[in-house]
Amino acid sequence: MPSPFPGMDPYLENPELWSEVHSRLIVAIADAIAPSLRPKYRVAIEKRTYLSGDDSVLVGIPDVAVLSQRSTSIPTLATTTLSSIRQPLEVTVPMPEMVSERYLEIREIKTDYTITVIEVLSPTNKRVGEGRQIYHRKRLQVLASARHLIEIDLLRAGQPPLVFQDIHSAYRILVSRSNRRPVSDLYAFTLREPIPAFPIPLKAEDVEPLLDLQETLNGVYDRAGYDLAIDYSQPSIPPLSEADTVWAANLLRSDRA
């Protein structure tokens, strides 16, 4: 069953669901573009892993949480005259978390050189902390190289990269060709619009295949059975604007009619 939304489904942005959506979408994009890249190129699924101790990454783990106060008594020491000794509290401290982020690389078969990097942003890339810093450094490395960059941002929450901060849109896709920088193509779209298709830049002599990201996401939604996992009677997380809340309610009401 398809999503009731014409473009990005905001319910897929729920932190409880997004990690799965992200993983499935990365694989689906690779599968969608691979046939048109053969035999000159292949699509590799890469992973960067880092240990994050930043509080913003430790979702669900409080800074300091008092779990219990011991009620058992400590035996009286023969050498002390104190009638009581202050008991310690048991607390939970944030623990480092191993974070893995997947992305795509289009590689030339003959040279094994990476021609294009495709990133689908995660929440850790958009909030202050270790994840954003690591991603920003990787992003700068790509932009300073001869590699093309495609950056897909389907998350309303968090801080977008600096190049996007003056663009008032819910979602964004950046296509940055190495031979045109600093000029790049930005596809900005709202919740109410279909996700635009965009070209995949390769070498100058090659025809650029078109990725229909809307169709790709629709396939992910259907195969994963997200219509069975999402309760559309509840507000989306993160919440929509007031105007979009009214629009979405009317859309979901007509879809159920």
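On a predicted model such as this, the values are computed, not experimentally measured, just so you know.

Caption draft 1: Structural detail: the overall build of the chain. On a plain count of helices and strands, the chain comes out with five helices and 10 strands. Counting over 257 residues, the chain shows a buried share of 41%. Counting contacts in the chain only where the partners sit at least 6 residues apart, residues at least 24 apart contribute 68% of the total. Taken as a whole, the chain presents about 14500 Å² of accessible surface, with 55% of it coming from carbon and sulfur.

Caption draft 2: Summary view of the environment of Pro-182. Topologically, Pro-182 is positioned in the loop between strand 7 (171-176) and strand 8 (185-189). A residue is classified by how much of its surface remains accessible, and Pro-182, at 81% relative accessible area, is exposed.

Caption draft 3: Spotlight on the pattern of salt bridges. One pass over the full model with this rule turns up 17 salt bridges. Among the ionic pairs, Glu-101 bridges to Arg-48, the shortest N-O distance being 2.9 Å. Of this pair, Glu-101 sits in strand 4 (residues 97-108) while Arg-48 sits in strand 1 (residues 41-52); the two residues are 53 residues apart in sequence, bridging distant segments of the chain. Taking the relative accessible area as the measure of exposure, Glu-101 reaches 3% and is therefore buried. By relative accessible area, which is 11% here, Arg-48 ends up buried. Through salt bridges with shared partners, one network takes in Arg-48, Glu-101, Glu-119 and Lys-138.

Caption draft 4: Up close: the packing of aromatic side chains. This structure, assessed with the given rule, holds seven aromatic pairs. Ring centres of Phe-5 and Tyr-11 lie 6.2 Å apart, and the angle between their planes is 40°; this geometry places the pair in the tilted category. The pair formed by Phe-5 and Tyr-11 is uniform in burial state, with each residue classed as buried. Chaining the aromatic ring pairs together yields one cluster made of Phe-5, Tyr-11, Tyr-232 and Trp-247. Its guanidinium or amino end placed over the ring of Tyr-103, Lys-138 lies 3.6 Å from that ring's centre, counting from NZ or CZ.

Caption draft 5: Representation of the side chain of Asp-244 within the structure. Among the structural elements, Asp-244 can be located in helix 5 (residues 242-256). Of the residues examined, Asp-244 reaches a relative accessible area of 18% and is grouped as buried. When sequence neighbours within four positions are dropped, the list of residues in contact with Asp-244 reads Leu-191 and Arg-192.

Caption draft 6: Representation of the packing of helix 1 (residues 15-37) against helix 3 (residues 213-224) within the structure. At their nearest, the axes of helix 1 and helix 3 sit 9 Å apart, and the two run at 125° to each other. As far as their axial angle goes, helix 3 and helix 1 are oblique. Crossing handedness for the pair helix 1 and helix 3: right-handed. Contacts between helix 1 and helix 3 pair Glu-20, Arg-24, Leu-25, Ala-28, Ile-29 and Ala-32 from the former with Leu-213, Thr-216, Leu-217, Val-220, Arg-223 and Ala-224 from the latter. Among the residues making up the contact of helix 1 with helix 3, the classes are represented as eight nonpolar, one polar and three charged.

Caption draft 7: View of the pairing of strand 6 (residues 148-153). Within strand 6, six of the six residues are buried, leaving the element largely enclosed by the surrounding structure. A two-sided burial pattern is seen for strand 6, the buried positions comprising His-148, Ile-150 and Ile-152 on one face and Leu-149, Glu-151 and Asp-153 on the other. Here strand 5 (residues 114-120) pairs with strand 6 via five bridges, running parallel. Of the residues in strand 6, the one forming a bridge with Glu-119 is Glu-151. With five bridges connecting them, strand 6 and strand 7 associate as antiparallel partners. The residue of strand 7 that forms the bridge with Asp-153 is Arg-172.

Caption draft 8: Fine view of helix 3. Between the first and last C-alpha of helix 3 there are 16 Å, a value that for 12 residues agrees with the 16 Å anticipated at 1.5 Å per step. Every buried residue belonging to helix 3 is among Leu-213, Gln-214, Thr-216, Leu-217, Gly-219, Val-220 and Tyr-221, and all of these are buried. Of the surrounding elements, those touching the buried residues of helix 3 are helix 1, strand 6, strand 7, strand 9 (198-199), strand 10 (210-211) and helix 4 (226-229). Positive backbone phi, at 65°, marks Gly-225, one or two positions downstream of helix 3.

Caption draft 9: Up close: helix 2 (residues 130-143). Taking 1.5 Å per residue as the helical rise, helix 2 with its 14 residues ought to reach 20 Å, and the 20 Å between its terminal C-alpha atoms agrees with that figure. Those residues of helix 2 that fall on the buried side of the exposure criterion are Gly-131, Arg-132, Ile-134, Tyr-135, Lys-138, Arg-139 and Val-142. Here the buried residues of helix 2 occupy an arc of 165° about the axis, which is enough to place them on one side.

Parameters and conventions
- Residues numbered from 1 in each chain as written.
- Predicted model: local features only at pLDDT ≥ 70, side-chain atom pairs only at ≥ 80, totals over all residues.
- Heavy atoms only, no water.
- Helix = DSSP H or I, 4+ residues; strand = E, 2+ residues; numbered from the N terminus.
- Buried < 20%, exposed > 50% of the residue type's maximum accessible area, 1.4 Å probe, protein only.
- Contact = heavy atoms within 4.5 Å.
- Areas by Shrake-Rupley, 256 points an atom, 1.4 Å probe, with all protein chains shown as cover.
- Salt bridge = Lys/Arg side-chain N within 4 Å of Asp/Glu carboxyl O.
- Phe/Tyr/Trp six-rings, centres within 6.5 Å; stacked < 30°, edge-to-face > 60°.
- Lys NZ or Arg CZ within 6 Å of the ring centre and 35° of its normal.
- Axes fitted to C-alpha atoms, helices over the stretch in contact; angles between N-to-C directions.
- Parallel < 35°, antiparallel > 145°, perpendicular 65-115°, else oblique.
- Left-handed = near helix turned anticlockwise from the far one by under 90°.
- Nonpolar A, V, L, I, M, F, W, Y, C, P; charged D, E, K, R; others polar.
- Pairing = 2+ DSSP bridges.
- Expected span 1.5 Å × (residues − 1).
- Arc of directions from axis to C-beta.

Any functional reading would require information beyond the geometric quantities listed.
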